[in-house]
2 protein chains.
Amino acid sequence: MDIKRLNSGVCIDNFRAAGVREGKYGVAVIVNDKICETAGVFTKNNIKAAPALLSMKNIKNGFQAIVVNSGNANTCTVKGMENARMMCEIAGRELEIDSRNVGVASTGIIGRELDMLRIEKLIKRAVQNLSKKGSKNAAEAIMTTDTRIKEISLEYNGIKIGGICKGSGMIAPDLATMLCFLTTNADFGRDILQRELKNAVDNSFNMLIIDNDMSTNDTVILMSDRNKKCSLEDFRYILNYVCTEFARMMATDGEGVTKFLEIEIRNAKTERDAREGARAIASSLLVKTAIHGENPNWGRIIAALGSKIKFDFEKTDLIFESEKKRAFAVKNGRVMRLDSVREILKNNKIKIIVDIKAGEYKGKVFGCDLSQEYIRINSEYN
Amino acid sequence: MDIKRLNSGVCIDNFRAAGVREGKYGVAVIVNDKICETAGVFTKNNIKAAPALLSMKNIKNGFQAIVVNSGNANTCTVKGMENARMMCEIAGRELEIDSRNVGVASTGIIGRELDMLRIEKLIKRAVQNLSKKGSKNAAEAIMTTDTRIKEISLEYNGIKIGGICKGSGMIAPDLATMLCFLTTNADFGRDILQRELKNAVDNSFNMLIIDNDMSTNDTVILMSDRNKKCSLEDFRYILNYVCTEFARMMATDGEGVTKFLEIEIRNAKTERDAREGARAIASSLLVKTAIHGENPNWGRIIAALGSKIKFDFEKTDLIFESEKKRAFAVKNGRVMRLDSVREILKNNKIKIIVDIKAGEYKGKVFGCDLSQEYIRINSEYN
């Protein structure tokens, strides 16, 4: 069975959504007719935003709605928790549901108190606008430095998953947040949803390397209205598919990004080696700038890998791939002619494979180049 | 007693040096009349250059001379070890000493075989030029992307330490290497020299964050001709002083660097927290670009710190210092007016102090900003 693209965004089944915006400040609301089975993955940063802390606490009740604001992260503020709670209360009151069943998330500048009068006004307007067609507006309302709306909805063997997401390759400062809200009809309990979401996030968002900075607000929430009995394998497949597509969208978004990278370590001795090795390459400024300059500087890749894991260069293959071409830069530790690699580097989607022939584990990360534009944007941002 | 500046560079006491260059390729030689007590700290990269491996092996014999080439790293090559050994043999033959008492180091492009004919010619020329005044030429011969010669010699309570060093804030690609060669008269055995050198490197070079990339060739060697009985405390003090000064020189060198940073975590619960916390801030691209843009974006500093260690923001002070000014951005978790911080950020030497009031450990790192020039240089480099 093939994957079918739907047009509903986050509004699959009985989910409705709305988004409103006033200058830099936006509010999105997503709601269902009933309390959903809910899973969530939150930032591992030791400094956590108040809304993230509150959602972490309330998620066990299951969410019927989510309220999100952009423009202010509600982090490192004095009234943070009070205001996060108030956002849930306002949304609960307007939606006529229990505020303990409302998830909350924020993204924007750190260290400024929320303007609750503005927030209240925007939440009210959003609730009035709720509809089956509101997903796009909701996706737009949570954008900060994103240059593109990020929205998906798919159907696979009767399983529907919808989602909206924000976060960009440029990932700006106090707006560094990644937010993702997913809806599904797949009939699984909280524990299974949580486990599957955690795994999908580990393989997608957690393998996305933009600039190594971890936000205080990162939040991924998955709500299920349990309308569809389905196989776990199918659900796992489609959930991973959606998360990976969102991760790709984030990596390629942002004015500072000119090249999208997929970096894969093959045949590592341990899973940790495979993942850490791929991350080391994707994080290296020297690798990122070389790729930006279309410079076949394979030595930087080997040095970055060697800084994190043990491997035998004598056995190593280093392969570059574009959609149409594939070339070895290094084969069994011998350097090849680099003309084809140079050609491949002219593409804007590049895959780098390092086969270290030490075991059977594979690790893959998504990344991007590092451009002068990135520096300009992040130096000037206020 | 004060520290006295000498003019001898690496040529204190009976040390002599020379450096010669032919275009991109340089060779430096440092030699003493006798075999020295020798300590060394080498790259932790799992891929180690052949010369680093050979020096690691031979250092137990003590070195009487060191031979260094720039322009080619002799890493990831087929004849790497053979050629590194040959460099020691040529130097040994020309100097009429045992090649097992010759240390060797290389810096430059990865993955190309050394041109041994050129190397032999340069080593011969260098040996012919050896003199008490050769330190500056030696320092010049080991430069790659460095824009300035790095050379120190000091005397403190009769202890002399001389040194030359290469490595730059810009730290380029396959030339990412940090090399440092130190000479002293301090009369200590190998074990003490090794322990003291290791500690001094941990507090200086290892706390220097340029771009997080670790070279395959990094080498620090300390040779002592044991001419001066002295106190361990004095030696420790002056050795740390020299290494820290070299680290500062490296951080401020390089066309891409406009601001030198000192980042200090105060009152951390553990030493690890203090050091890892400081490293996290210095490594953050968002922090580095904010500083470059003179942008008082304290949220990025807090988020970077929170990504690595636990601390209580409510208790935290965040202080910015220039040579003449000092200002709080955050005091006990409250955000201050940022006008003075903005002023401080206009300087090219900036200290950032985060006092987390959780214990009594302190950690300090040296770093620099991240500029568009860095990207340009590292994208274009070939």
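None of the values given here were measured: they were computed from a predicted structure.

A. Main features of the interface of chain A and chain B. With 49 residues of chain A at the contact, the number on the chain B side is 49 residues. Carbon and sulfur atoms supply 59% of the area buried between chain A and chain B, which totals about 4,100 Å² over both sides. On the chain A side of the interface with chain B, the three residues burying the most area are Asn46(A), Leu285(A) and Leu286(A), jointly 15% of the side's total. Linking chain A with chain B are zero salt bridges, by the criterion used here. Between the two partners, chain A and chain B, sit eight residue pairs in polar contact (both at pLDDT 80 or more). Counting residues per element, the ones that place at least two in the side of chain A that touches chain B are α8 (285-292), α9 (298-306), β15 (334-335) and α11 (372-380) of chain A. When residues of the side of chain A that touches chain B are assigned to their parent elements, the largest contribution, seven residues, is made by α11(A). Here the side of chain A that touches chain B is composed, by residue class, of 22 nonpolar, 18 polar and nine charged.

B. Focus on the packing of aromatic side chains. Counted by the stated rule, this structure contains 10 aromatic pairs over all chains. With a centroid separation of 6.2 Å and 50 degrees between ring planes, the pair formed by Tyr237(B) and Tyr241(B) is classed as tilted. With Tyr237(B) and Tyr241(B) both in helix α6 (residues 232-252) and four residues apart, the pair spans about one turn of that helix. Taking the relative accessible area as the measure of exposure, Tyr241(B) reaches 29% and is therefore partly exposed. Between Phe260(B) and Phe366(B), the ring centres sit 6.0 Å apart and the planes meet at 15 degrees, which makes this aromatic pair stacked. Here Phe260(B) is found in strand β12 (residues 260-268), whereas its partner Phe366(B) is found in strand β17 (residues 361-368), with 106 residues between them in sequence. In this pair, the class of Phe260(B) matches that of Phe366(B), namely buried. Three or more aromatic residues joined by ring pairs make a cluster, and in this case those are Tyr156(A), Tyr237(A) and Tyr241(A). One Lys or Arg, Arg118(A), reaches over the ring of Tyr25(A) and ends 4.0 Å from the middle of that ring.

C. Summary view of the relation of the copies chain A and chain B. After a rotation of 180 degrees and a shift along the axis of 0.0 Å, chain A superposes on chain B with an RMSD of 0.0 Å. As the rotation angle and translation indicate, the two copies are arranged about a two-fold axis. Across chain A, the smallest distance between a C-alpha and the rotation axis is recorded for Gln372(A), namely 2.3 Å. Both copies contact each other with a shared surface, as 100% of the interface residues of chain A are interface residues in chain B too.

Criteria and thresholds
- Residues numbered from 1 in each chain as written.
- Chains lettered and ligands numbered in written order.
- Predicted model: local features only at pLDDT ≥ 70, side-chain atom pairs only at ≥ 80, totals over all residues.
- Heavy atoms only, no water.
- Contact = heavy atoms within 4.5 Å.
- Buried area = accessible area lost by both parts, 1.4 Å probe.
- Salt bridge = Lys/Arg side-chain N within 4 Å of Asp/Glu carboxyl O.
- Polar contact = N/O pair within 3.5 Å; in protein donor to acceptor, adjacent residues only side chain to side chain.
- Helix = DSSP H or I, 4+ residues; strand = E, 2+ residues; numbered from the N terminus.
- Nonpolar A, V, L, I, M, F, W, Y, C, P; charged D, E, K, R; others polar.
- Phe/Tyr/Trp six-rings, centres within 6.5 Å; stacked < 30°, edge-to-face > 60°.
- Buried < 20%, exposed > 50% of the residue type's maximum accessible area, 1.4 Å probe, protein only.
- Lys NZ or Arg CZ within 6 Å of the ring centre and 35° of its normal.
- Least-squares fit on C-alpha atoms with pLDDT ≥ 70 in both.

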